Amino acid sequence: MTPTTSTNDGRDAQTRSLDEQILRFIASQLPSDAEFDRLALACFAYQYERCEPYRRLCDRIGRSPRDVSTWLDVPAVQSTSFAIARLACFPRERTAVEFHSSGTTTSGERASTLELDSPALYEASLLAHFQHRILPDFPKMRILALVPSRADAPNSSLSYMAAHLIDSIGAAGSGFFMVDGQLAFEELRDALARTEPAIIFGTAFAFVHFFDRCRANALTFRLPPGSRVVETGGFKGRSREVPRAELYAAFTETLGVPRDMCASEYGMCELGSQWYDTTIQDGRYDVKVGPHWAKAIVVDPVTAQPVEPGADGLIRIFDLSNRGSVCALVTGDLGVERDRGFLLLGRSVGAPPKGCSIEADELLTRGRG
Amino acid sequence: MVDTSVRAELIARGAAQWRDPRSDVREKARLALRDSEWSPAVVESALDDVLFDLDEERARKLAMERPNEDERPVLVILPGNIIGPAIASAYCAAAAGAHVILKSPGNERAIAPILAEQFEALGKPLGGTIDARYWKGGDFEIEPTLFASVRKIVAFGSDEALGEITRSAPVPLRGYGTSYSVGFVTADADLANTAVGAARDVAMFDQRGCMSPQTIYVEGDEGRSLLFARALEAELRKVQETLPRGRMAEDEAVAIAMAIRKLSVSAFPPKTHGLDTMMVGPETRGAPGFVVVVEPDGEPTTEGFARIVSIKPCDNVDALVGVAMTAATKFESLGLSGEITTAQRERLMATGFLRVCQLGEMQRPPFGYRPTVEDFG
């Protein structure tokens, strides 16, 4: 494949053409599986040609664009591969946006990185699906983000996501309520006391912290009708963990948001698209559903091949909005297919503890409240 | 002085019993660990090595150096991934003249009581100095009182867990946290001989100890790394017979499959030499017996567990120093094959390695290395 003429934003004609086709598909009201497959195979050919580490994987398992006829055949990378290889289809100098996962330094674990040569697909995917699943009934709403701002966390996909949502569909009064890693408690309290409905968007650990402060101050709220909660991010060891049911009960008891207006988001730094509970749309709890431009299946954790319906396994995703990196990836999350979506069952166990850590870690875990 | 002399003699006698495969303690340990998560051959090899250099002269020297007057015990929270620290802790405490509480891990509760029995049988002054216990970690009925009653805690765990103990215990903690080891093969090293030792270092305890190499740097180009990887693959195949893998932990086959997928994108292209750069060993106990992957140089891959090892080309020792200085990894040991200068060794140690030893000896640390006799003084 010969690189074609570049345009003024750095993307060559082939890339722009592919992006335009994907954007049209994202905007499509009647998307077909055939069109998804066509775009998926086009993306695979594009990525096989341009992403050398990915091509290594494909060559090792003997599968090139000539060997596949459906998106299900496309080789998938392990999501953690984004931590050890640059999985991008463009030179580093053309990186426009870069997301990093949270990683640790002493454990030897490295952070995953997703590079985008253009934010167009990411933003289109984010906005279209968020409006569809979370805000189908209002054009705009106040968004109160309990995540760090872009200035505080320039490589956080969650911060980028919240900032783009605020810029695009956030009504007056929207903003970030974490400053320097700390919850802006008084500002959030005042924002929650206003009479316009709001979307409270935050990580589980931020909500727990906020609810602890509310309890200490005997504070409860009754948010206006239409208000909703989007919880994301899990705990990641940054706060005391609480059972999910307890957290969701607090959304109602402390914020006054009914359970059927609370949804959980599933996403990761390595992916351009997100999955949401359909609670707000149809009242179903816990079923994560993705957009029509990203498909998820459950695969055998060892072979990475699809399991029988109803069996659990790892979640494998093909996301067209990942055009600039690798569309097909296997996550480390366990799930089971349900109602054209999946139930999230938790993280796969992964590597066993090492470095003499077993017994004292047990002590640590149990010692946490 | 009489006490020191008698103590040294008993320590040496006890250590010799652990080295002797026909001794009572070895037989007891063999029986107790026959259904453990390590293969019997690995257990035997580990017990052969654990006190290999503790003779009477060494014991006498240590006992005279570290007289301890404090009757309060030292608490040792033992690890569950390897068995050496239990025995090493008991003998370090003995050398220091300390009483010790050995808290066994949930998956291995036999060694500490065997040590306590052995010390009783050896007699005073060792008899009665070991209190072997087990409780489930984090027990609020036991730990606060116990932590306050000892004069020191020696614990093996992650940095986060050790930090938690530091916060909750009112006494000093000597912690051995998570760290990683690497190997380095110099340009003059014989690759086939090096692979023999490296395979043993990788295989012991199925790479779950922090002294097991996860990445081995090979001085030279990618081709030399590939040659070493092929030699290591051959040795790991043999080692599957002599030091078989232990029982698979739950979901370990999944973790191995995920690691293989992860490493598939970082391995050198397979067509470079017409040979594959990722060698997956024959299946044993439901998962590949080992994985050897040749990757580009740079930061060490810390993927290693279940005998997964990364081989990386490295220009020279200076390049390794450069990698070690910038790596986000906390290092333990550097296993070496070939010669380096004293100055080079010092520069490597300055980057954070705690020990430089020969490849093949990485899982055979000298007595008093980890823990140390000072930990109990």
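Residues numbered from 1 in each chain as written. Chains lettered and ligands numbered in written order. Predicted model: local features only at pLDDT ≥ 70, side-chain atom pairs only at ≥ 80, totals over all residues.

Student: Quick question: what am I supposed to make of the domain arrangement of chain B here?
Tutor: Interface size is often expressed as the accessible area that is lost when the parts come together. Residues and elements named next belong to chain B. As assigned here, chain B comprises domain 1 (2-178 + 372-376) and domain 2 (180-353). Its C-alpha centre places domain 1 at a distance of 31 Å from the equivalent point of domain 2. Domain 1 puts 10 residues into the contact, and the matching count from domain 2 is 12 residues. (Domains from an automatic or database assignment. Contact = placed C-beta atoms within 7 Å.)

Student: So what exactly am I meant to see when it comes to the domain arrangement of chain A here?
Tutor: Residue and element names in this part refer to chain A. Each assigned domain of chain A is listed with its residue range as follows: domain 1 (1-91 + 293-350) and domain 2 (120-291). Placing the centre of domain 1 and that of domain 2 at their C-alpha centroids yields a distance of 27 Å. Each partner contributes to the interface: domain 1 provides 24 residues, whereas domain 2 provides 19 residues. For the side of domain 1 that touches domain 2, the secondary structure elements donating two or more residues are helix 1 (13-27), strand 13 (294-299), strand 14 (312-319), strand 15 (328-338) and strand 16 (341-347). Its residues placed into classes, the side of domain 1 that touches domain 2 shows 12 nonpolar, five polar and seven charged. (Helix = DSSP H or I, 4+ residues; strand = E, 2+ residues; numbered from the N terminus. Nonpolar A, V, L, I, M, F, W, Y, C, P; charged D, E, K, R; others polar.)

Student: Would you mind showing me how to read the environment of Lys103(B) here?
Tutor: Residues and elements named next belong to chain B. Position of Lys103 relative to the elements: it lies in strand 2 (residues 100-103). For Lys103, a count of 26 C-beta atoms within 10 Å puts it in the buried group. Sequence separation of Lys103 and Ile77 is 26 residues, and the distance between their C-alpha atoms is 5.1 Å. If sequence neighbours within four positions are ignored, Lys103 has contacts with Leu75, Val76, Ile77, Leu78, Arg133 and Tyr134. (Buried ≥ 20, exposed ≤ 12 C-beta atoms within 10 Å, placed from the backbone.)

Student: How do you make sense of helix 10 (residues 222-242) of chain B when you look at a structure like this?
Tutor: A turn of α-helix holds 3.6 residues, and therefore any two residues three or four places apart point the same way. Residues and elements named next belong to chain B. Helix length check: helix 10, at 21 residues, gives a terminal C-alpha distance of 30 Å against a target of 30 Å (1.5 Å per residue), a fit within 8%. Taken together, the buried positions of helix 10 are occupied by Ser225, Leu226, Phe228, Ala229, Ala231, Leu232, Glu235, Leu236 and Val239. Each element contacted by the buried residues of helix 10 is listed here: strand 6 (180-185), helix 9 (191-203), strand 7 (213-219), strand 8 (278-280), strand 11 (291-294) and strand 12 (308-314). (Expected span 1.5 Å × (residues − 1).)

Student: Please explain helix 1 of chain A as it appears in this structure.
Tutor: Residue and element names in this part refer to chain A. Taking 1.5 Å of rise per residue, 15 residues should cover 21 Å, and helix 1 covers 21 Å from first to last C-alpha, within 8% of that figure. Listing the buried residues of helix 1 in full gives Thr15, Leu18, Asp19, Ile22 and Ile26. Along the long axis of helix 1, the arc covered by the buried residues comes to 100°, so they all point the same way. In helix 1, those exposed residues whose orientation departs by more than 90 degrees from the buried face are Ala13, Glu20, Arg24 and Ala27. Looking at the buried side of helix 1, the elements it contacts are helix 2 (33-50) and helix 4 (120-133). (Arc of directions from axis to C-beta.)

Student: Would you explain the sheet that holds strand 13 (residues 331-337) of chain B in this entry?
Tutor: Consider a sheet: its strands pair through backbone hydrogen bonds, and that pairing is either parallel or antiparallel. All names here are of chain B. The strand order across the open sheet built from seven strands is 8-11-12-7-6-13-14, with neighbouring strands paired in mixed fashion. Only two strands of the sheet have a single partner each, and these edge strands are strand 8 and strand 14 (355-358). On average, adjacent strands in this sheet sit at an angle of 20° to one another, irrespective of strand direction. In this sheet, strand 11 lies alongside strand 8 in antiparallel orientation, the contact comprising three bridges. The residue of strand 11 that forms the bridge with Met278 is Val293. Running over the sheet, helix 10 touches strand 6, strand 7, strand 8, strand 11 and strand 12 and is turned about 155° from strand 12. (Pairing = 2+ DSSP bridges. Axes fitted to C-alpha atoms, helices over the stretch in contact; angles between N-to-C directions.)

Student: Even after reading the chapter, I still don't get the confidence of the model for chain B, so can you show me in this structure?
Tutor: In low-pLDDT regions, the fine details of the predicted coordinates are not to be read closely. Residue and element names in this part refer to chain B. Looking at chain B as a whole, the pLDDT averages 91, with 97% of positions reaching at least 70. Taking the mean pLDDT of every element in chain B, the minimum, 82, falls on helix 8 (residues 159-168) and the maximum, 98, on helix 6 (residues 111-122). Note on the complex model: pTM 0.86, ipTM 0.79. (pLDDT = per-residue confidence, 0-100.)

Student: It is not clear to me how the packing of helix 9 of chain B against helix 10 of chain B should be interpreted in this structure. Could you clarify?
Tutor: Packed helix pairs are characterised by how far apart their axes lie and by the angle those axes make with each other. Residues and elements named next belong to chain B. Running from N to C, helix 9 and helix 10 cross one another at 50°; their axes reach a closest spacing of 8 Å. When the axis of helix 9 is compared with that of helix 10, the two are oblique. Handedness of the crossing formed by helix 9 with helix 10: right-handed. Between helix 9, through Leu191, Ala192, Ala195, Val196, Ala198, Ala199, Arg200, Val202 and Ala203, and helix 10, the contact on the second element is made entirely by Leu227, Phe228, Ala231, Leu232, Glu235, Leu236 and Val239. (Parallel < 35°, antiparallel > 145°, perpendicular 65-115°, else oblique. Left-handed = near helix turned anticlockwise from the far one by under 90°.)

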